[in-house]
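Summary of structural features
As a plain string of letters, each chain reads:
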Protein chains: 2
Amino acid sequence: MTVRFFGSAASALFRPNSTTMSPTKVTIVGSGNWGSAIARIVGQTTKAYSNEFDPTVRMWVFEEMVNGEKLSEIINTRHENVKYLPGKILPENIVAVPDLVQSCDGSEILIFVVPHQFVKGICKQLEGKISPNAHVVSLIKGVSVQENGTGLKLISDEIREYLKCPVDVLMGANLAPEVANDMFCEATIGCQTRSVHGPMLKRLFHTDNFRISVVEDAHTVELCGALKNVVACAAGFTDGLGYGDNTKAAVIRLGLMEITKFVEHYYPGSNLSTFFESCGIADLITTCYGGRNRKVCEAFVKAGKPMAEVEKELLNGQSAQGPPTAAEVFHMLEATNLISSFPLFVAVHRICQGEMPPSGMIDCLRDHPEHQA
Amino acid sequence: MTVRFFGSAASALFRPNSTTMSPTKVTIVGSGNWGSAIARIVGQTTKAYSNEFDPTVRMWVFEEMVNGEKLSEIINTRHENVKYLPGKILPENIVAVPDLVQSCDGSEILIFVVPHQFVKGICKQLEGKISPNAHVVSLIKGVSVQENGTGLKLISDEIREYLKCPVDVLMGANLAPEVANDMFCEATIGCQTRSVHGPMLKRLFHTDNFRISVVEDAHTVELCGALKNVVACAAGFTDGLGYGDNTKAAVIRLGLMEITKFVEHYYPGSNLSTFFESCGIADLITTCYGGRNRKVCEAFVKAGKPMAEVEKELLNGQSAQGPPTAAEVFHMLEATNLISSFPLFVAVHRICQGEMPPSGMIDCLRDHPEHQA
């Protein structure tokens, strides 16, 4: 056993450290609703595995004033993120740090959990300043855009290009308020093929009520997390049109078929079984019933106003990920002459753009290639 | 083309009849809520393909008096099943026939759509009296029990044993009231391998708002329709315990994993892709959100009364399929030493029997073998 234990640098990475090695430092980059919910989990696990992880977990907090006090100071004294997760106590080993570079200094695990539009800025600040052994776990659902404007780009690829380090992802059916309330749920960690980080990351996130499966299929896991938002828009449209559970189930199923086909075509090498994980079918269901994209798109149909206006009214300045993701997906389909194979994705884009009435959604489903069989 | 058209008896079966062949007669055996909703579809399609199907479709009606009138006469004069699908007009080519044998006489397609406990009695009456070319399409979701009491038996196998004819099945995410309201949905026809009936059956059921896919995997299609009720019980329990969308998504996903594993183990030869059809994941979702098993099991947790009592209060004399299906599944798992591989199925059975508190459901999910990865 001892031989295996210290057999290689790789195996040391995912086994409890002996007294001769210092425990792995962990930083949470982000402190919104989801970041704070995750801090409650990581605070627990790093204490439980304190020989493997440094139980002092730094959390980067974008500093802001809350009723005349600094948010980071409130978190460090009252152990509560009063702004983004009020009413929930954070473990005392979570330490808020307002300086980004300082919060990540010497950390080997950087948990990225910020809105996707902040990724670039954060990476630029961290470039060249993180530990040479650092790797990132991205919890960011969404996509970026290729610089030449020709389609979507994975957030993990964006991070990897800037920080030149391995990037794994964690996705799943994880509405943040329920996770914060310790409701039982599952999540999927997607590692790069032959990654040595899987077992260590499982220990970092796996708790009694947050159950992790690890798959070596990071791209698929991340793409599921982005593309489900397009399907949720379709579900919102049919909800807005007054259709029921049968129709929504058809939307979810046909959406899953298009997600699968899209991933297989543009990111070959995915495993079909990954779509059966929490990041796949489970997150898709949750999002099509409970998520913000569904809600905005239902309201869009009922209100008959432009999407931007509905978002402004409902999301308090934030934006829904579905419409821009649908736009990038559409560009890719158009550039590769695959429009007719993805009628649901295409319809979502056209409806969001005002180029098609919402009722057109049903016509697109009706003639879906899946019904050829 | 002509050569192919009349090339064999088999191909004639699924191509439009020429004037030299008489159109295929269709009978609907059953006239409840679902049978009447299906009659609206089959009435349409047989008229549209009147060279292939006899547009006079007989519907067997279990005769009963409704406000002093015979139900069959009401249907034949007012074209409405006032008892089981009030407010919806049936096509005029649907003819109610109260005599079972007479309703099926000379029909080549018998659509079985009755509660599963009536199947045996109906088959006994029809034994030896149906057309030698007849085949059955079963729309019955549920299971029967092996005569030696050792586990579940497919309804289609039961019908086949009595009537000695081919039996295909139709299942999907099809809550009957929504189908009756022409809401868009999908369904799956499961044919026996190398069945010649698939294309013909697709024409018989496929309409603008009821979209059919055909797969040659009848057992899997039917098993999905039965086993989803067990998963819906689990969803009802977690709903009753106050859990949210994340937990329900985990229940649906883990339930799907157990359905898949169960089918692969006990009915080898299934196709993984069948679980992605409407009969699989879509029907499972609909049932876990909208079905009666979910409802009864939620109420069971909240009321703290025995299951039989809750069913009596909520289902107006009918029974939920989930608990007895779970019992038969449990017997099979016990007899084959596979209890530990199906913790969700087992927990549903034990909770229904009062052998385990509903909160035990979450403990079973927590230690699910799916989380070993």
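Residues numbered from 1 in each chain as written. Chains lettered and ligands numbered in written order. Predicted model: local features only at pLDDT ≥ 70, side-chain atom pairs only at ≥ 80, totals over all residues. Heavy atoms only, no water.

Let's talk about the pattern of salt bridges
Going through the model one piece at a time under the given rule, you end up with 34 salt bridges over all chains. We note a salt bridge from Arg253 of chain A to Glu277 of chain B, for which the minimum N-O separation is 3.5 Å. A residue pair is termed interchain when its members come from two chains, as with Arg253 of chain A in helix α11 (residues 245-266) and Glu277 of chain B in the loop between α11 (245-266) and α12 (278-290). Looking at Arg253 of chain A, the relative accessible area reads 1%, which means it is buried. You can call Glu277 of chain B buried: its relative accessible area is 11%. Here Lys25 of chain B ties to Asp54 of chain B by a salt bridge, and the two come within 3.3 Å at their closest N and O atoms. Separated by 29 residues along the polypeptide, Lys25 of chain B in the loop between α2 (9-13) and β1 (26-29) and Asp54 of chain B in the loop between α3 (33-48) and β2 (57-60) bring together distant segments of the chain. The exposure class of Lys25 of chain B is partly exposed, given its relative accessible area of 32%. Residue class for Asp54 of chain B comes out buried when judged on its relative accessible area of 17%. (Salt bridge = Lys/Arg side-chain N within 4 Å of Asp/Glu carboxyl O. Helix = DSSP H or I, 4+ residues; strand = E, 2+ residues; numbered from the N terminus. Buried < 20%, exposed > 50% of the residue type's maximum accessible area, 1.4 Å probe, protein only.)

Some words on unusual backbone geometry
In this structure, Asn337 of chain A is a non-glycine residue whose phi angle is positive, near 55 degrees. Following the sequence through the fold, Asn337 of chain A ends up in the loop between α15 (322-335) and α16 (343-352). Classification of Asn337 of chain A as exposed rests on a relative accessible area of 69%. The phi dihedral of Lys164 of chain B falls on the positive side, at around 50 degrees, and the residue is not glycine. According to the relative accessible area criterion, Lys164 of chain B is exposed, its value standing at 66%.

Description of the side chain of Ser195 of chain B
All names here are of chain B. Looking at the element boundaries, Ser195 is found in the loop between β11 (185-190) and α9 (198-205). There is a polar contact of 3.0 Å between the side chain of Ser195 and the backbone nitrogen of His197. Filtering out sequence-adjacent residues up to four positions away, Ser195 remains in contact with Asp168 and Glu216. (Polar contact = N/O pair within 3.5 Å; in protein donor to acceptor, adjacent residues only side chain to side chain. Contact = heavy atoms within 4.5 Å.)

Description of the relation of the copies chain A and chain B
Both copies of the chain are related by one operation, a rotation about an axis with a shift along it. Superposing chain A onto chain B requires a rotation of 180 degrees together with a translation of 0.0 Å along the rotation axis, leaving an RMSD of 0.0 Å. Seen this way, the second copy is the image of the first under a two-fold rotation axis. Among all C-alpha atoms of chain A, that of Ile285 of chain A lies closest to the rotation axis, at 3.9 Å. Counting the interface residues of chain A, we find that 100% of their copies in chain B are interface residues as well, pointing to one common contact surface. (Least-squares fit on C-alpha atoms with pLDDT ≥ 70 in both.)

Nothing here speaks to function; it is all geometry.
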